[in-house]
Amino acid sequence: MPQSAYWVAVYTARAGDPVWGPVATHAVVILPVLFLGVALVKALQDPAAAGQQLITLPVCQTSITALQELWSAFRPISQTPPSQIILLLGALTLAIWTVAPFLPSIFPTAAPATAALAPAEPVKEHPASPSKSKTLRKKGAAQKPAVQPTPTPAPQSASADKPKPGLLRLGMLPLVPALLTTVLQPPTLRAPLERPYVHPTYPLRILSSVHSGRDCGPGDPLNLRYLRAGHSLIGGVWVGDLAEYVEAPVRDAAGEPLGDSIYSAFVLQEAARLVVRDAPQEHERALIMCRPGAGVCAASFMRHGFDTTLVELDPVVYDAARRYFGLPEPAPDRLVLRDPRSWVRERRDALAQELFDVVVHDVFSGGGSPGHLFTQQFWEDVKGVMRADGVIAVNHFEKLGADSSRAILLTLESVFGLCRAFGDTSELSETHGPPADEPLNWVIFCSASAKLPTFRRPTDADFLGSPLRKIVLSTLPLREADLGPIRAVPEKNQSEYILRDEANGLKKWSALETLGHWKMMREVFPDVIWETY
């Protein structure tokens, strides 16, 4: 199954259809498994117990599901990749099949019926009917004794000299170890990798591959190092000859110098530092939710002297940012590896005195956004841990005119007041902002003071010696979008776009928009990048 699931998915994905590709993959891979499962269950059933046939498959499914939940209790099994478990179970089934003819049957065999005839019992006379008994004796005297059939020997089979099928099966047993270590090995990389994997035909090196909630793994094709989660790239930096820097470069854990971010959206988030505030603090605090990605934005706030708290749901993402993307290690009490929703609520309820000056909210990954981190109730909790003039920057990838973008903007403005949005685009114009009908990374800036955020001009100190920061922050006015058409929703439909815990349409809208994101990401990199994991 690992082989078929991988290769069928590879070729259906190359067709470029995110709907029919998975449908074809499941049909090719799952249907034969279902057929064999049903055939096996029917073969083990008693034909006379027809009523049990209706419940056999559900009972088997429940048993298998319960067994999978128990796997985590056994350390060797819980640490083994699922593909290896499937492979070992298949090998065990093949081994049992090869030796089955030489094992005693577990089912009792009925004794063959004998063809011998029992001797006829003598007819007794009834004393009350002498005439009838005489008639019977006369008839009995005329009968001939029954002839016993002589058994004929079974004809000799013409194939008696041929090897038995059991011997042919047994000859396959030595092939099982060879198949396990060669052609039956899963085509995906082992997780975790013992050493970096170098692709044999393409300039691609996979530095790490780890199973997590988002299937993360950093790699570096050519002069680019990226952090991949599923079918999304959640960050990356330039390395090698394309790494441009003026000051001392950021280095990864191995000491390799790193260049600018491949995404300017992370730099755009840093513009929250440029918002003019009523009472700026000497020691400012920043909160980065929910992921540091490749650590670009978080590292920037740390380098600018912010007391930075990181909230990341997936520890694998944080470890990758530390090892491969130069993210500085925060203080132990400034690292939170859990869902930000509950942490922010607890922080607000505790009435902590350490309020945040800047909050960066970036939870987009894989073409979707977790709806519970965009509701009105969540934004109220976030506002409760911010200073009165604090600033929040919210990243969202989609067309600005899409339903999901409109809902996020209107929900934010229902809590923070009027906001401003800036697009991550390389096509800048003096006459109009970024196109609202193209999918882009949009960063929405709001203020806890309910005032419309205003930005100061950046200085050289804001750029940290980065050419990309200088380009992005210096062209901030050209990146602003006109939010008037986005806000233009009839009053009777306003409530539809306010995301609440009890009524949240973001998941529905994001599910539809994810398909377009998948298609776009397949065009960013060649097939080999997505097929090597």
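Each helix and strand counted, the protein chain has 19 helices and 14 strands in total. The buried share of the protein chain, taken over its 533 residues, is 41%. A fraction of 69% describes how many contacts in the protein chain between residues 6 or more apart in sequence connect residues 24 or more apart. Per element, the accessible surface of the protein chain, about 30400 Å² overall, is 61% carbon and sulfur.

The next subject is the packing of helix α13 (residues 376–384) against helix α14 (residues 403–416). The geometry of α13 relative to α14 is characterised by a closest axis approach of 9 Å and an angle of 45 degrees between their N-to-C directions. In terms of orientation, α13 lies oblique with respect to α14. Every pair of crossing elements has a handedness; the one defined by α13 and α14 is right-handed. Here α13 contributes Gln376, Trp379, Glu380 and Lys383 to the contact with α14, which in turn contributes Thr411, Leu412, Ser414, Val415 and Phe416. Partitioned by chemical class, the residues of the contact of α13 with α14 number four nonpolar, three polar and two charged.

Mapped onto the elements of the fold, Arg225 is located in strand β4 (residues 224–229). Overall, Arg225 belongs to the buried group, its relative accessible area being 1%. There is a polar contact of 2.9 Å between the side chain of Arg225 and the side chain of Glu256.

Moving on to the side chain of Arg479. Residue position: Arg479 is located in the loop between α16 (467–474) and α17 (484–487). When sequence neighbours within four positions are dropped, the list of residues in contact with Arg479 reads Leu268, Ala421, Phe422, Gly423, Asp424, Thr425, Leu428, Pro434, Ile471 and Val472.

Below, the discussion takes up the nonpolar core. By size, the foremost hydrophobic cluster in this structure holds 42 residues, and its most contacted members are Phe374, Trp379, Val382, Ile392 and Leu412. Among the elements of the structure, β8 (285–290), α12 (340–349), β11 (356–362), α13, β12 (386–398), α14, β14 (440–447) and α18 (506–524) are those that each provide at least two residues to this core. Sorting elements by how many residues they give to this core places α14 first, with seven residues. With near-sequence residues (within four places) excluded, Trp379 lies in contact with His361, Leu373, Phe374, Ile392, Val394, Thr411, Leu412, Val415 and Phe416.

Moving on: the pairing of strand β9 (residues 307–312). Remark: a regular strand shows side chains that alternate across the two faces of the sheet. With respect to burial, β9 is a largely interior element, five of its six residues being buried. Note that β9 and strand β10 (residues 335–336) share two bridges and pair parallel. For Val311, the partnering residue across the bridge sits in β10 and is Val336.

In this section: the packing of aromatic side chains. The description of an aromatic ring pair rests on the distance of the ring centres and on the angle between the ring planes. If you walk through the whole model with that rule in mind, you get 12 aromatic pairs. Between the aromatic rings of Phe422 and Phe445, the centroid separation amounts to 5.7 Å while the plane-to-plane angle is 75 degrees, which identifies the pairing as edge-to-face. In this pair, Phe422 sits in strand β13 (residues 420–423) while Phe445 sits in strand β14, placing the two residues 23 residues apart along the sequence. Taking relative accessible area as the criterion, Phe422 reaches 1% and is therefore assigned buried. Between Arg406 and the ring centre of Tyr497, over which it is positioned, the NZ or CZ distance is 5.7 Å.

Another aspect to go through is α12. Taken residue by residue, α12 has Pro340, Arg341, Trp343, Val344 and Arg347 as its buried positions. At the N-terminal boundary of α12, the capping side chain belongs to Asp339, with an oxygen 3.0 Å from the backbone nitrogen of Arg341. At the C-terminal side of α12, Leu351 shows a positive phi close to 55 degrees.

Applying the stated criterion across every chain, the model contains 26 salt bridges. We note a salt bridge from Glu346 to Arg338, for which the minimum N-O separation is 3.1 Å. Two residues, Asp381 and Arg345, come together in a salt bridge whose shortest N-O distance is 2.8 Å. Of the two residues, Asp381 is situated in helix α13 and Arg345 in helix α12; the sequence distance between them amounts to 36 residues. According to the relative accessible area criterion, Asp381 is buried, its value standing at 3%. By relative accessible area, which is 36% here, Arg345 ends up partly exposed. Here the salt bridges share partners, and the residues they tie into one network are Arg285, Asp307, Asp333, Arg334, Arg347 and Glu354.

Basis of the calculations
Residues numbered from 1 in each chain as written. Predicted model: local features only at pLDDT ≥ 70, side-chain atom pairs only at ≥ 80, totals over all residues. Heavy atoms only, no water. Helix = DSSP H or I, 4+ residues; strand = E, 2+ residues; numbered from the N terminus. Buried < 20%, exposed > 50% of the residue type's maximum accessible area, 1.4 Å probe, protein only. Contact = heavy atoms within 4.5 Å. Areas by Shrake-Rupley, 256 points an atom, 1.4 Å probe, with all protein chains shown as cover. Axes fitted to C-alpha atoms, helices over the stretch in contact; angles between N-to-C directions. Parallel < 35°, antiparallel > 145°, perpendicular 65-115°, else oblique. Left-handed = near helix turned anticlockwise from the far one by under 90°. Nonpolar A, V, L, I, M, F, W, Y, C, P; charged D, E, K, R; others polar. Polar contact = N/O pair within 3.5 Å; in protein donor to acceptor, adjacent residues only side chain to side chain. Core = buried A, V, L, I, M, F, W, Y, C linked by side-chain atoms within 4.5 Å. Pairing = 2+ DSSP bridges. Phe/Tyr/Trp six-rings, centres within 6.5 Å; stacked < 30°, edge-to-face > 60°. Lys NZ or Arg CZ within 6 Å of the ring centre and 35° of its normal. Salt bridge = Lys/Arg side-chain N within 4 Å of Asp/Glu carboxyl O.

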